[in-house]
Amino acid sequence: MSSPLENILPKMAATHAKLVAYVAGLDAQARQQKASAATWDPRTIVGHLVDSERAHRRFIEAVAGDIPPARLENFDLDAWNAARAAKRAAQPLEELLALLEQERQTTIAVLQGLPDDAWEKRGEHAALGNVTVLFVARVIGLHERAHLQEMQEISG
């Protein structure tokens, strides 16, 4: 039986490389562009990815370590995202990209250190419901890919 890492890490790495290259190639105007008042600019998206990757990784670490994740009653994902975006509002894009890179390296190390039996462990994720470690590990890359596509659609 092959490890889930054989499938997850190459996809995660490819998407991450595309996102970083795409954002690095944006000019000053494109870095501030939004499709509408309801969408984020690339800087805000990168900050969001930093925070969400950390949150997903902490969930994985807790569940893999048989520690039930904190139960968040009436969790409001939109409010959490808005609060995190506000907290990061003054951070420059370059700093956020560096933080995203740090988070990714930490995530990869955590995933590589998971024992075989951890992948199917389940926990109650505040936004995703009752999910496995494997599911959340996949979500990290899929989430990044969705936001990359969002940025690409904005800039046409």
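In this text the structure is predicted, and so the values were computed from the model without any measurement.

Before going further, it helps to examine helix H2 (residues 42-64). Across its 23 residues, H2 extends 32 Å between first and last C-alpha, which sits within 8% of the 33 Å expected from 1.5 Å per residue. For H2, the buried fraction is high: 20 of the 23 residues fall into the buried class.

As a further point, take unusual backbone geometry. Of note in the backbone geometry, Asp-66 takes a positive phi value of approximately 60 degrees without being a glycine. Tracing the backbone shows Asp-66 in the loop between H2 and helix H3 (77-87).

For soluble globular proteins, nonpolar side chains are generally found buried alongside one another. Core analysis: the largest hydrophobic core is formed by 19 residues, its most contacted members being Ile-60, Leu-111, Leu-114 and Trp-119. Residue contacts for Trp-119: discarding those within four places in its chain leaves Pro-4, Leu-5, Ile-8, Leu-111, Leu-114, Thr-132, Val-133, Leu-134 and Ala-137. Counting 16 residues, the second largest nonpolar core, distinct from the first, contains Ile-45, Val-46, Leu-97 and Leu-99.

As a further point, take the pattern of salt bridges. As enumerated under the stated definition, the model contains eight salt bridges in all. For Glu-94, the salt bridge identified is with Arg-31, shortest N-O distance 2.5 Å. Within this pair, whereas Glu-94 is found in helix H4 (residues 93-112), its partner Arg-31 is found in the loop between helix H1 (5-24) and H2, the two being separated by 63 residues in sequence. Judged by relative accessible area, which is 48%, Glu-94 ranks as partly exposed. Here Asp-66 ties to Lys-121 by a salt bridge, and the two come within 3.0 Å at their closest N and O atoms. Residue Asp-66 is found in the loop between H2 and H3, and its partner Lys-121 is found in the loop between H4 and strand S1 (122-125); the two are separated by 55 residues along the sequence. For Asp-66, a relative accessible area of 58% translates into the label exposed.

Along the chain, the position of Glu-53 falls in helix H2. Here the side chain of Glu-53 touches Arg-104 through a polar contact of 2.7 Å, side chain to side chain. Not counting residues within four places of it along the chain, the set of residues in contact with Glu-53 comprises Leu-100, Glu-103, Arg-104, Thr-107 and Ile-140.

The subject of this paragraph is the packing of H2 against H4. Where H2 contacts H4, the axes come no closer than 9 Å and their chain directions differ by 20 degrees. The angle between the axes of H2 and H4 places the two elements in the roughly parallel class. Crossing hand, H2 versus H4: left-handed. Two secondary-structure elements touch here, H2 through Pro-42, Arg-43, Val-46, Gly-47, Leu-49, Val-50, Glu-53, Arg-54, Arg-57, Ile-60 and Glu-61 and H4 through Leu-93, Leu-96, Leu-97, Leu-99, Leu-100, Glu-103, Arg-104, Thr-106, Thr-107, Val-110 and Leu-111. Residues belonging to the contact of H2 with H4 are distributed by class as follows: twelve nonpolar, three polar and seven charged.

Each value, and the rule that gives it
- Residues numbered from 1 in each chain as written.
- Predicted model: local features only at pLDDT ≥ 70, side-chain atom pairs only at ≥ 80, totals over all residues.
- Heavy atoms only, no water.
- Helix = DSSP H or I, 4+ residues; strand = E, 2+ residues; numbered from the N terminus.
- Expected span 1.5 Å × (residues − 1).
- Buried < 20%, exposed > 50% of the residue type's maximum accessible area, 1.4 Å probe, protein only.
- Core = buried A, V, L, I, M, F, W, Y, C linked by side-chain atoms within 4.5 Å.
- Contact = heavy atoms within 4.5 Å.
- Salt bridge = Lys/Arg side-chain N within 4 Å of Asp/Glu carboxyl O.
- Polar contact = N/O pair within 3.5 Å; in protein donor to acceptor, adjacent residues only side chain to side chain.
- Axes fitted to C-alpha atoms, helices over the stretch in contact; angles between N-to-C directions.
- Parallel < 35°, antiparallel > 145°, perpendicular 65-115°, else oblique.
- Left-handed = near helix turned anticlockwise from the far one by under 90°.
- Nonpolar A, V, L, I, M, F, W, Y, C, P; charged D, E, K, R; others polar.

Coordinates in, geometry out; function isn't part of it.
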